[in-house]
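These are the residues of each chain, in order.
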Amino acid sequence: MTAVAIKMYTEQEYLELERAAEYKSEYYRGEIFAMSGASRYHNRITENLSIEIGGFLKGKSCQSFSRDMRVHIPENTLYTYPDLLIVCDKPEFRDKEFDTLLNPSVIIEVLSPSTEGYDQGKKFHLYRSLRTLAEYVLIDSQEIRAEVYRKGSNGKWTLASEAADLEGSIEISHIGLTLTMADVYAQIEDLG
């Protein structure tokens, strides 16, 4: 048997390729990983979140960005595209292209069957290297379920808010927002 060599890329090579690409990819420790498309429910939930959070933040000091804003974590080399993120300080960017953010305050990921384990496990672990990250929100696209993890003053992460039915709500305390599950899952039928 012959081992297949994996091409390794520098961060600069990745950025050059990514900025010219028609599709999005993540980068981690020299490897590039193509991102898959999202389902109808995933997209609807992301839009609902954008509407609710964007409207709430209008006129406030924090701002939100959705799925096309790349985030970089220099401590572990990850470049990725969260479904939605919130920045509460002046945005810091990797370079003068202003397309790679370094200081998100809140990251929201909408879980899909193909990304659920990664988003809840390895990716969450990598996100914890972000010194500015205060909360990590997971929204399920297959069933009504949401969780908010919050970093305490001791640096430890805990499950701070969760909901599992349309009457429930979650709190993103960093920005003072309570999201109802009815709003998050609006216009979605047949979820358990």
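Since this is a predicted model, take the numbers as computed values, not measurements.

1. Here we look at helix α1 (residues 11-20)
All of the buried residues along α1 are Y14, L15 and E18. Projected onto a plane normal to the axis of α1, the buried residues spread over an arc of 95° and lie on a single side. Counted as exposed and oriented over 90 degrees from the buried face of α1: E16 and A20.

2. Here we look at the packing of aromatic side chains
Applying the stated criterion across every chain, the model contains eight aromatic pairs. Here the aromatic rings of Y14 and Y79 are separated by 5.1 Å at their centres, their planes lie at 50°, and the arrangement is tilted. Remark: Y79 occurs in strand β5 (residues 78-80) and Y14 occurs in helix α1; sequence separation between them is 65 residues. An angle of 85° between the planes, with centres 5.5 Å apart, marks the rings of F93 and F98 as edge-to-face. Overall, the relative accessible area of 54% leaves F98 in the exposed class. Its guanidinium or amino end placed over the ring of Y9, K7 lies 4.6 Å from that ring's centre, counting from NZ or CZ. We note R128 situated over the ring of F124; from NZ or CZ to the ring centre the distance is 4.1 Å.

3. Examining helix α2 (residues 40-57)
Each turn of an α-helix holds 3.6 residues, which means side chains three or four residues apart point in the same direction. Counted at 1.5 Å a residue, the expected span for α2 with its 18 residues is 26 Å, and the 25 Å between its end C-alpha atoms agrees. All of the buried residues along α2 are Y41, H42, I45, T46, N48, L49, I53 and L57. An end-on view of α2 places all buried positions within 160° of arc, on one side of the element. Summarising the geometry of α2, the exposed residues directed more than 90 degrees from the buried face are R40 and I51. Residue G59 follows α2 closely and has a positive phi angle near 85°.

4. Remarks on the nonpolar core
Judged by nonpolar contacts, the single largest core of 28 residues is most densely connected at L49, I53, I108, I139, I170 and Y185. Of all elements in the fold, only α2, β6 (84-87), β8 (106-111), β9 (135-140), β10 (146-151), β12 (169-172), β13 (177-180) and α5 (181-184) reach the threshold of two or more residues within this core. Ranked by residue count, the leading element in this core is α2, at five residues. With residues up to four places along the chain from it excluded, the contact list for Y185 reads I45, N48, I139, D140, E143, I144, R145, L166 and L191.

5. With respect to the pairing of β10
Strand direction decides the pairing type here: β9 and β10, joined by five bridges, are antiparallel. When the sheet's bridge partners are listed, L138 is paired in β10 with E147. Counting the residues between successive antiparallel strands, the hairpin from β9 to β10 contains five residues. In the sheet, β10 pairs with strand β11 (residues 157-163) via six bridges, with the strands oriented antiparallel. When the sheet's bridge partners are listed, Y149 is paired in β11 with L159.

Rules used in this analysis
Residues numbered from 1 in each chain as written. Predicted model: local features only at pLDDT ≥ 70, side-chain atom pairs only at ≥ 80, totals over all residues. Heavy atoms only, no water. Buried < 20%, exposed > 50% of the residue type's maximum accessible area, 1.4 Å probe, protein only. Helix = DSSP H or I, 4+ residues; strand = E, 2+ residues; numbered from the N terminus. Arc of directions from axis to C-beta. Phe/Tyr/Trp six-rings, centres within 6.5 Å; stacked < 30°, edge-to-face > 60°. Lys NZ or Arg CZ within 6 Å of the ring centre and 35° of its normal. Expected span 1.5 Å × (residues − 1). Core = buried A, V, L, I, M, F, W, Y, C linked by side-chain atoms within 4.5 Å. Contact = heavy atoms within 4.5 Å. Pairing = 2+ DSSP bridges.

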